[in-house]
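Chain by chain, the residues:
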Amino acid sequence: MDFSTPAQLRQQLITALGTELGTYTTGSGQVLPAIVTIVDPNSKPVHEWVVNGLQCLIYYPLAKGVPVFGGACIREEFQIRLIQHDRSKTCNLAYRRILSIHPDCQVQSQLPQTSIIFEQWNLVIPQFSKLN
């Protein structure tokens, strides 16, 4: 499934993850889907928000120019982090749902749940755009 912006990818992931996607509860009590697009990789979502269930962080892509016959294209790698805040669940089903719409999605790393951290999966979805 093609997309060209982080916002389009976000909408695709909301749909694909469905009931697997958790929620944020803001300080004012508003409940939002637990998915956010992050421009600065050193920043984190708002700390006052309470996370329930699966959290999905989408980082702005890293772009690389790739020469191709008769022109060039840009390969952008969209980094996604899944964090499962429900200790009775894993990120596996969420990854399968993402894989169903983005078969080229790859797992970069996995951190298992421990007594002090939640399970986390780091994924990459490549996207190619022809320039000429």
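As a reminder, the structure under discussion sits directly above these lines.
What counts and how
Residues numbered from 1 in each chain as written. Predicted model: local features only at pLDDT ≥ 70, side-chain atom pairs only at ≥ 80, totals over all residues. Heavy atoms only, no water. Helix = DSSP H or I, 4+ residues; strand = E, 2+ residues; numbered from the N terminus. Buried < 20%, exposed > 50% of the residue type's maximum accessible area, 1.4 Å probe, protein only. Contact = heavy atoms within 4.5 Å. Areas by Shrake-Rupley, 256 points an atom, 1.4 Å probe, with all protein chains shown as cover. Arc of directions from axis to C-beta. Phe/Tyr/Trp six-rings, centres within 6.5 Å; stacked < 30°, edge-to-face > 60°. Core = buried A, V, L, I, M, F, W, Y, C linked by side-chain atoms within 4.5 Å.

All right, on to the overall build of the protein then. Secondary structure assignment for the protein yields two helices and eight strands. Looking at the protein as a whole, 35% of its 132 residues qualify as buried. Across the protein, contacts joining residues at least 24 apart in sequence account for 54% of those joining residues at least 6 apart. Carbon and sulfur atoms form 56% of the exposed surface of the protein, whose accessible area is close to 7,600 Å².

Our next topic: helix α2 (residues 92-101). When we look at burial in α2, the residues that qualify are A94, Y95, I98 and I101. All buried residues of α2 project into a common sector of 125 degrees when viewed along the axis, lining one side. Opposite its buried face, α2 presents the exposed residues R96 and S100, each directed more than 90 degrees away.

For the structure shown, the criterion picks out two aromatic pairs. Ring centres of Y24 and W49 lie 5.2 Å apart, and the angle between their planes is 55 degrees; this geometry places the pair in the tilted category. One end of the pair, Y24, is in strand β1 (residues 23-25); the other, W49, is in the loop between β3 (35-38) and β4 (50-52), with 25 residues separating them in the sequence. On the basis of relative accessible area, Y24 is assigned to the buried category, the value being 1%. The partly exposed category is assigned to W49, whose relative accessible area is 26%. Here the aromatic rings of Y95 and W121 are separated by 5.5 Å at their centres, their planes lie at 50 degrees, and the arrangement is tilted. Here Y95 is found in helix α2, whereas its partner W121 is found in strand β8 (residues 119-130), with 26 residues between them in sequence. You can call Y95 buried: its relative accessible area is 14%.

The subject of this paragraph is the nonpolar core. By size, the foremost hydrophobic cluster in this structure holds 20 residues, and its most contacted members are L13, C56 and L82. Put simply, the parts of the chain that give this core at least two residues each are α1 (6-17), β5 (54-68), β6 (71-84), α2 and β8. Residues contacting L13, with those up to four places away along its chain left out, are I35, C56, I58, I80 and I98. With six residues, the next largest nonpolar core counts A34, I38, Y59 and I83 among its residues.

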